[in-house]
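# Coordinate inspection notes
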Protein chains: 2
Amino acid sequence: MNLRALAAELGLSQTTVSRALNGYPEVAESTRRRVEEAARRLNYRPDMRAKGLATGRTMAIGHILPVSSRHEIVNPVFADFIAGAGETYARHGYDLLLSVVRDEDEARHYRDVAAKRSVDGLIVHAPRAEDRRIALLRDTGLPFVVHGRVSDETLPYAFLDIDNRRAFERATHFLIDLGHRRIALVNGLASMDFAIRRRNGYLAALAARGLPADPALIRSDEMTESFGFATARDLLALPDPPTAFLTSSLIVAMGVRRAADAAGIAVPRDLSIVTHDDELAYLRNGSDEPIYTATRSSVREAGRRAAEMLMGMIADPGHPLPQRILEADLVLGRSTGPAPGHVLSPARSPSPAPLPP
Amino acid sequence: MNLRALAAELGLSQTTVSRALNGYPEVAESTRRRVEEAARRLNYRPDMRAKGLATGRTMAIGHILPVSSRHEIVNPVFADFIAGAGETYARHGYDLLLSVVRDEDEARHYRDVAAKRSVDGLIVHAPRAEDRRIALLRDTGLPFVVHGRVSDETLPYAFLDIDNRRAFERATHFLIDLGHRRIALVNGLASMDFAIRRRNGYLAALAARGLPADPALIRSDEMTESFGFATARDLLALPDPPTAFLTSSLIVAMGVRRAADAAGIAVPRDLSIVTHDDELAYLRNGSDEPIYTATRSSVREAGRRAAEMLMGMIADPGHPLPQRILEADLVLGRSTGPAPGHVLSPARSPSPAPLPP
DNA sequence: TGCGGGGTCCAAAGCGCTTTGATCGCGAGC
DNA sequence: GCTCGCGATCAAAGCGCTTTGGACCCCGCA
């Protein structure tokens, strides 16, 4: 059932039927009702390719899912982000075009997707501190929103990010307040922009409190459970082991906890853990009281908002590029306590202390 | 840069340029080279919409990601499956069109996607034992592959599944061999086809060994860490608690373990855990020796294969519908041991015993 | 010398839609 | 009574590609 057949069925021209269905004013209300009824009855849906060809729009948004050729890992936050964005797309009548791309042919793929005209806009995932995708996309003229930021980028671009630096700065201060002096940072891949910001927050807090940053306590890799486990196992075996871990994801934190359990180290009595929590649907940080003390920000909500930003950019290309930074909460769970042997001074509250802005 | 411009640039007709680029024989080799060189130089990519309109193919595969309106949960295996399928699509020049759909308007959406002609085929995720999507899709004539099976479906359809029943039957036998008599099953949502098959395998093994199935030990829900934790916490508090847990995912198993830790119950000394392991990239079951004894099957590999099946169906619509069942491994980890107080009889080996076929 | 037949290339139709620029009545205004 | 304006509808062009049905040239064969 296509437009021509529908028009023939109704004894109208394609023009009128098209206009009736797309809400144009120059068609009689009675005719519109007749057309709509027939379209419903005959289960007519416009062919999106033809519509796209005629309008120049595809009603589809591209997501490029980079898959590290070394690690073969897709970031688990991805599913939740997509779920959030997908809700928004559905509401606006957009489809989501997903490409899984090995990082070595990423550049080619971005150029392709623009030239093939198969999407009206793009979401850029997992930006690195220095990321040539930005320049590449800017050249294509395709609207895009970055989930995260690109520190080395000087020209403006649209993004949605959380304040990673501030979140990890607060978390570190919190641990220091509890008397911890040796705090390990189990971070994401070192090239990732978010990982750098988190590290900077951590370093800033240590510096502000006059504590040395021990490079041995800072680790970066793909955020897997195994990585958390191996790192904690190794660090806890040091002569001067950390008394607290700051991890970049709940999954890593679970690995750290497993290592602590294996070593007979009790959490939070002997070891404190603070983690970032993306609020993944299937991996909540406890159902009532949080299991882990965590910096918290819903990646699904981020997906919803990023999609909305992009829809806005497409609808109104003239506007300035939207840039948005969300604040992460710091929630108190049962994974943190005073450093072993530390007596809390009444002056320094162990509750999440507000930072100077 | 479109075909017309490219043809003009070369002083050739669109016909010839199109044929040159698509590998048709009736174009001189020297011309083909000229055309290809110019296409590369001018960064020409055919507009996929136009190509689709002309050929009737879209070069895109649809995945519909159902999101339960009650739980708001997307299945974590999804990302890995997509990553696997995406590799195959990329190799065949296909795109992946993803729709996130709340289960209440699933039916409408399946009808839509067929009528809109925006994909050449579909992958059906998370099938239920009784799933009207199958009949719906069959009516549309669109090729589709089900990841899993639909027990109540009588007519043939293409699917890729693992032998869930046999996997859980083996796992249960294995636990019984270790002397366990009270074995809890922490399963996925009761409506899911895979959950039913796993339960049937579990029940079959109990029955084969003359053990009663205690309904109190069988739980079904979304496979979250919290669910595993809450279930284990409750069951372990029973007057006659289980000595072993059989769980449907690594994440659930981690919840069970957390409950055991919290209750001071040692794994595997006081409690054994066997889980199904989808081999998710970021959540490996240990890097060398498995943490958990597990039935194991890579969902990423399943994605690759399902995609290949679908590509085959599209390329050759005449063929009979492919149906494929993969066997899951049973791997030995450090989460299982003899039931407390049980002396292993030398006759019954605790290693994964081959079942009669 | 004439003719059939590859080997190359081309003009134009068609895919299903939107949109431009008419056309056609019909009542209002002079 | 004629024109003007307007509401409702339509024919046809065009989006960028593929594909059908020639056209043209040149070579070899009778």
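Residues numbered from 1 in each chain as written. Chains lettered and ligands numbered in written order. Predicted model: local features only at pLDDT ≥ 70, side-chain atom pairs only at ≥ 80, totals over all residues. Heavy atoms only, no water.

Turning to empty space enclosed by the protein, a few remarks are in order. One pass over the full model with this rule turns up six cavities of 30 Å³ or more. Approximately 260 Å³ is the volume found for the largest cavity. For the largest cavity, the lining is made up of 16 residues, of which Arg-49, Leu-97 and Ser-118 of chain A together with Arg-49 and Ser-118 of chain B are closest to its centre. Elements with a minimum of two residues in the lining of the largest cavity: helix H4 (48-55) and strand S2 (95-102) of chain A together with helix H4 (48-55) and strand S2 (95-102) of chain B. Of the residues belonging to the lining of the largest cavity, the class tally is eight nonpolar, four polar and four charged. (1 Å grid on protein atoms, 1.4 Å probe; cavity = no way out; pocket = protein on both sides within 12 Å on 5 of 7 lines; lining within 4 Å. Points joined across faces, edges and corners; volume = space filled by probe spheres on them. Helix = DSSP H or I, 4+ residues; strand = E, 2+ residues; numbered from the N terminus. Nonpolar A, V, L, I, M, F, W, Y, C, P; charged D, E, K, R; others polar.)

For the rest of this paragraph, the subject is the nonpolar core. If you look at the biggest cluster of nonpolar residues, it comprises 156 residues, and the most contacted ones within it are Tyr-89 and Phe-245 of chain A together with Tyr-89 and Phe-245 of chain B. Tyr-89 of chain A has contacts with Ile-61, His-63, Tyr-94, Leu-96, Ile-123, Ala-307 and Met-311 of chain A, leaving out every residue within four places of it along the chain. Membership of the second largest hydrophobic core comes to 38 residues, among which are Tyr-110 and Leu-137 of chain A together with Val-113 and Leu-142 of chain B. (Core = buried A, V, L, I, M, F, W, Y, C linked by side-chain atoms within 4.5 Å. Buried < 20%, exposed > 50% of the residue type's maximum accessible area, 1.4 Å probe, protein only. Contact = heavy atoms within 4.5 Å.)

So, about the domain arrangement of chain A. Per the domain assignment, the segments making up chain A are domain 1 (3-40), domain 2 (60-162 + 300-326) and domain 3 (164-299 + 329-348). Put simply, the middle of domain 1 of chain A and the middle of domain 3 of chain A, counted by C-alpha atoms, are 62 Å apart. (Domains from an automatic or database assignment.)

Take the protein's contact with DNA strand C next. Residues in contact with DNA strand C amount to 29 residues; listed here are only the nearest, Leu-3, Ser-18, Arg-19 and Tyr-24 of chain A together with Thr-15 of chain B. The sugar-phosphate backbone supplies 62% of the atoms of DNA strand C found within 4 Å of the protein. At 3.2 Å from a base oxygen of DNA strand C is found a side-chain nitrogen or oxygen belonging to Thr-15 of chain A. Tyr-44 of chain A has a polar side-chain atom sitting 2.9 Å from a phosphate oxygen of DNA strand C. Within the residue set of the surface near DNA strand C, elements represented by two or more residues are helix H1 (3-10), helix H2 (14-21) and H4 of chain A together with helix H2 (14-21) and H4 of chain B. With five residues, the top contributor of residues to the surface near DNA strand C is H4 of chain A. Tallied by class, residues from the surface near DNA strand C come to twelve nonpolar, eleven polar and six charged. (Near = heavy atom within 4 Å. Polar contact = N/O pair within 3.5 Å; in protein donor to acceptor, adjacent residues only side chain to side chain.)

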